[in-house]
Amino acid sequence: MITLISGTNRRGSKTRLVTDIVAGLYREAGADAEVLDLVDLPLELYSPDAYAEKPPGFTPFAERILASHGLVVVAPEYNGSLPGALKLFIDHLKFPESFEERPVAFIGIAAGQWGGLRPVEHLQQIFGHRNAHIYPRRVFIPQVYQAITDGGEVVDPDVDRHLRAQATGFLGFVRALRSEA
Ligand SMILES: Cc1cc2nc3c(=O)[nH]c(=O)nc-3n(C[C@H](O)[C@H](O)[C@H](O)COP(=O)(O)O)c2cc1C
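Residues numbered from 1 in each chain as written. Predicted model: local features only at pLDDT ≥ 70, side-chain atom pairs only at ≥ 80, totals over all residues. Heavy atoms only, no water.

S.K.: Help me out: how do you make sense of the site of the ligand in this one?
M.R.: Arg 10, Thr 15, Tyr 78, Asn 79 and Gly 112 are the nearest of the 15 residues found near the ligand. Within the contact set of the ligand, an oxygen atom lies 3.0 Å away from a backbone nitrogen or oxygen of Ala 111. Interatomic distance of 3.1 Å between a side-chain N/O atom of Tyr 145 and an oxygen atom of the ligand. Against a free-state accessible area of 590 Å², the protein chains account for coverage of 74% of the ligand. Counting only elements with at least two residues in the shell around the ligand, the list comes to α1 (14–28) and α5 (144–147). (Near = heavy atom within 4 Å. Polar contact = N/O pair within 3.5 Å; in protein donor to acceptor, adjacent residues only side chain to side chain. Areas by Shrake-Rupley, 256 points an atom, 1.4 Å probe, with all protein chains shown as cover. Helix = DSSP H or I, 4+ residues; strand = E, 2+ residues; numbered from the N terminus.)

S.K.: Just to check I follow, could you spell out the side chain of Thr 8 for this structure?
M.R.: Positionally, Thr 8 belongs in the loop between β1 (2–6) and α1. Thr 8 sits in the buried class, given a relative accessible area of 0%. At 2.9 Å, the side chain of Thr 8 and the side chain of Tyr 78 are in polar contact. Not counting residues up to four positions away in its chain, the partners in contact with Thr 8 are Ser 13, Thr 15, Asp 37, Leu 38, Val 39, Pro 76, Tyr 78 and Pro 83. (Buried < 20%, exposed > 50% of the residue type's maximum accessible area, 1.4 Å probe, protein only. Contact = heavy atoms within 4.5 Å.)

S.K.: Looking at this structure, how should I read unusual backbone geometry?
M.R.: In terms of backbone geometry, most residues other than glycine have negative phi values and most peptide bonds are trans. The omega torsion of the bond from Phe 95 to Pro 96 falls at 0 degrees, within 30 degrees of zero and hence cis. Tracing the chain through its elements places Pro 96 in the loop between α3 (84–92) and β4 (103–109). Its identity as a non-glycine residue notwithstanding, Asn 79 has a phi of 50 degrees, on the positive side. Within the element layout of this structure, Asn 79 appears in the loop between β3 (70–76) and α3. Its relative accessible area of 84% is what places Asn 79 among the exposed residues. Non-glycine residue Asn 131 carries a positive phi angle of around 60 degrees. Tracing the chain through its elements places Asn 131 in the loop between α4 (117–129) and β5 (133–134). For Asn 131, a relative accessible area of 42% gives the class partly exposed.

S.K.: Help me understand the packing of aromatic side chains in this model?
M.R.: For any pair of aromatic rings, the description consists of the separation of the ring centres together with the inter-plane angle of the planes. In the structure shown here, the tally under the stated rule is eight aromatic pairs. Arranged with centres 6.0 Å apart and planes meeting at 80 degrees, the rings of Phe 58 and Phe 89 form a pair that is edge-to-face. Pair noted here: Phe 58 is in the loop between β2 (33–37) and α2 (59–66) and Phe 89 is in helix α3, with a separation of 31 residues, a long-range link. Judged by relative accessible area, Phe 58 falls into the buried class, the value being 2%. For Phe 89, a relative accessible area of 1% gives the class buried. Centre to centre, the rings of Phe 106 and Phe 127 are 5.3 Å apart; their planes meet at 75 degrees, and the pair counts as edge-to-face. (Phe/Tyr/Trp six-rings, centres within 6.5 Å; stacked < 30°, edge-to-face > 60°.)

S.K.: I would appreciate a short explanation of the nonpolar core in the present structure.
M.R.: Soluble globular proteins tend to pack their nonpolar side chains together in the buried interior. Core analysis: the biggest nonpolar cluster contains 28 residues, and Ile 2, Val 18, Tyr 26, Val 72, Ile 107 and Ile 141 have the highest contact counts within it. Elements that contribute at least two residues to this core include exactly β1, α1, β3, β4, β6 (139–141), α5 and α6 (157–180). With near-sequence residues (within four places) excluded, Ile 141 lies in contact with Val 18, Ile 107, Gly 108, Ile 109, Ala 110, Gly 115, Ala 147, Ile 148, Val 159 and Leu 163. Leu 45, Phe 58, Phe 89 and Phe 99 belong to the second largest nonpolar core, which has 26 residues in total. (Core = buried A, V, L, I, M, F, W, Y, C linked by side-chain atoms within 4.5 Å.)

S.K.: Help me understand the layout of surface pockets, please; the structure alone is not making it clear to me.
M.R.: Unoccupied space between atoms shows up once a probe the size of one water molecule is rolled over them. Considered as a void within the structure, the largest pocket measures approximately 150 Å³ in volume. In this structure, the largest pocket is lined by Arg 10, Ser 13, Lys 14, Thr 15, Pro 76, Glu 77, Tyr 78, Ile 109, Ala 110, Ala 111, Val 144 and Tyr 145. Breaking the lining of the largest pocket down by element, the ones donating at least two residues are α1 and α5. Residue classes in the lining of the largest pocket are distributed as seven nonpolar, two polar and three charged. (1 Å grid on protein atoms, 1.4 Å probe; cavity = no way out; pocket = protein on both sides within 12 Å on 5 of 7 lines; lining within 4 Å. Points joined across faces, edges and corners; volume = space filled by probe spheres on them. Nonpolar A, V, L, I, M, F, W, Y, C, P; charged D, E, K, R; others polar.)

S.K.: Could you clarify how one ought to interpret the environment of Arg 64 in this entry?
M.R.: For Arg 64, the location among the structural elements is in helix α2. Relative accessible area serves as the criterion here: at 22%, Arg 64 is assigned to the partly exposed category. C-alpha separation for the pair Arg 64 and Glu 34, spaced 30 residues apart in sequence, amounts to 9.2 Å. If we ignore the near neighbours within four places in the chain, the residues touching Arg 64 are Met 1, Thr 3, Glu 34, Val 35 and Leu 36.

Structure, rendered in structure tokens:
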């Protein structure tokens with residue numbers, strides 16, 4: 001099962017739209033694909049006490065990560081990096097088993113011209129630190145408001161091509177690693 005993380009808690013985000021489009025590509029390719037949206041994180045997770053005692057509403061998120069054969073993180077660029085909610089989410093997941101040797105692919109999106117390069121590179125550092133298997137083919141979507149309509153149509157053919165190539169390639173990567181295990 002592939003889990004796609006919509007990497008912001010901003011309601012109505014473009015990130016969620018992109019995540020749904022990409023989940024559709026995985027399903028078209030015959031994979032089970034589910035979306036985790038950080039909008040749905042329990043508010044108690046933002047409490048200073050959540051590190052000592054995880055809120056019960058967080059358990060399904062943590063378990064979903066552990067049950068995943070591969071993760072796709074869709075990260076918007078916020079102030080030249082990843083959203084704070086995404087880092088908080090990562091910090092609350094079980095250590096080390098959440099990411100240790102788990103395949104992960106990254107998609108960056110931004111209103112601006114850098115297409116989420118910076119949050120993806122910051123995430124690669126974090127996931128590298130956590131010994132994840134990082135899929136090398138990343139996708140960046142600059143000027144996301146022009147590249148993808150509010151209705152979810154990918155109007156930039158390069159973005160469409162890169163998203164499809166990543167989905168196909170990442171499924172092969174996940175399968176190859178599982179057959180090695
Ligand atoms: C708090 C915040 C910070 C942002 N910082 C950047 C930025 O540094 N560079 C950029 O290109 N876009 C920036 N944006 C715009 C987002 O890239 C844009 O909203 C895009 O749609 C992805 O974010 P979304 O998933 O929240 O819609 C920022 C948006 C927010 C809400």
